[in-house]
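So you can see what is in the structure, the chains are spelled out below.
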Amino acid sequence: MAKQATTQLGNDEYFMRQALAGARKAAAAGEVPVGAVIVRQGRVVARGYNRPIAKRDPTAHAEIEALRKAARRLGNYRLPDCTLYVTIEPCAMCAGAIAHARLSRIVYGAPDPKAGACGSVIDVLHEPRINHHTQVEGGLLARECAAIVQDFFRSRRGKRTERRA
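Reference entry: report on the structure contained in this document. (Residues numbered from 1 in each chain as written. Predicted model: local features only at pLDDT ≥ 70, side-chain atom pairs only at ≥ 80, totals over all residues. Heavy atoms only, no water.)

Right, let's talk about helix α3 (residues 62-74) for a bit. When the terminal C-alpha atoms of α3 are compared, their 18 Å separation across 13 residues agrees well with the 18 Å that a helix rising 1.5 Å per residue should span. Immediately beyond the C-terminal end of α3, within one or two residues, lies G75, with a positive phi of roughly 70 degrees. (Helix = DSSP H or I, 4+ residues; strand = E, 2+ residues; numbered from the N terminus. Expected span 1.5 Å × (residues − 1).)

Right under this line is the structure:
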């Protein structure tokens, strides 16, 4: 049992690191650095990273991008045997999409105390009046996941200060 748990944690870290790679792509493109990976039976079926600025689309969050790609690839809008790895706790919009997709599990890195909808601000995925509940695990590589967002915003604040001077 302990070996299985260790193996699962190792797999979770592996896939979260892939989500972090997506977050770095978003940051390089000037987007808020959030990355997501959807896994089914130990294989990546979709990746996404934040692109609302580039797409001029407020719904182009990393999770939504990955959900859309996974649904197309698997030929079904329901993804009950999939796990989503995402660097930051999903917002209400993304949590709603996760519930509608019937994902069995999500693993997120850093909590989002301002907009997190998996327990930090609200808990969409465990709302008793909603008929599907997704297993949620938070805090995996939380420091790394939080640092990339903090560094991004620190850099942006620094650039604004330079422009004012």
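So that's the structure; there's more coming.
Okay, the packing of aromatic side chains next. By the definition in use, this model includes 3 aromatic pairs. Ring centres of F15 and Y85 lie 5.4 Å apart, and the angle between their planes is 35 degrees; this geometry places the pair in the tilted category. Of this pair, F15 sits in helix α1 (residues 2-28) while Y85 sits in strand β3 (residues 82-88), and the two are 70 residues apart along the sequence. Neither F15 nor Y85 differs from the other in exposure class; each is buried. When the centroid spacing of 5.1 Å and the interplanar angle of 80 degrees are considered together, the rings of F152 and F153 count as edge-to-face. Classification of F152 as buried rests on a relative accessible area of 9%. In this structure F153 comes out as partly exposed when scored by relative accessible area, which is 33%. (Phe/Tyr/Trp six-rings, centres within 6.5 Å; stacked < 30°, edge-to-face > 60°. Buried < 20%, exposed > 50% of the residue type's maximum accessible area, 1.4 Å probe, protein only.)

This paragraph deals with the state of the cysteines. Counted by the stated rule, this structure contains 0 disulfides. Counting only cysteine sulfurs, C94 is the nearest neighbor of C82, a cysteine outside any disulfide, at a range of 16 Å. The exposure class of C82 is buried, given its relative accessible area of 0%. Its sulfur unpaired, C118 is 9.0 Å from the next cysteine sulfur, which belongs to C91. (Disulfide = S-S within 2.5 Å.)

The next thing to look at is the layout of surface pockets. Estimates place the volume of the largest pocket at around 550 Å³. Around the largest pocket, the lining comprises 26 residues; the ones closest to its centre are V32, I88, D112, V149 and F153. For the lining of the largest pocket, the elements supplying multiple residues, two or more each, are α2 (52-55) and α5 (142-164). Ranked by the residues each element gives to the lining of the largest pocket, the list is headed by α5, at 8 residues. In terms of residue class, the lining of the largest pocket is made up of 15 nonpolar, 3 polar and 8 charged. Within this model, the second largest pocket holds a volume of roughly 160 Å³. Q8, V39, G42, T83 and Y85 are, among the 13 residues lining the second largest pocket, the residues nearest its centre. Contributions of two or more residues to the lining of the second largest pocket are made by α1, β1 (35-40) and β3. Looking at the lining of the second largest pocket residue by residue, the class counts come to 4 nonpolar, 6 polar and 3 charged. (1 Å grid on protein atoms, 1.4 Å probe; cavity = no way out; pocket = protein on both sides within 12 Å on 5 of 7 lines; lining within 4 Å. Points joined across faces, edges and corners; volume = space filled by probe spheres on them. Nonpolar A, V, L, I, M, F, W, Y, C, P; charged D, E, K, R; others polar.)

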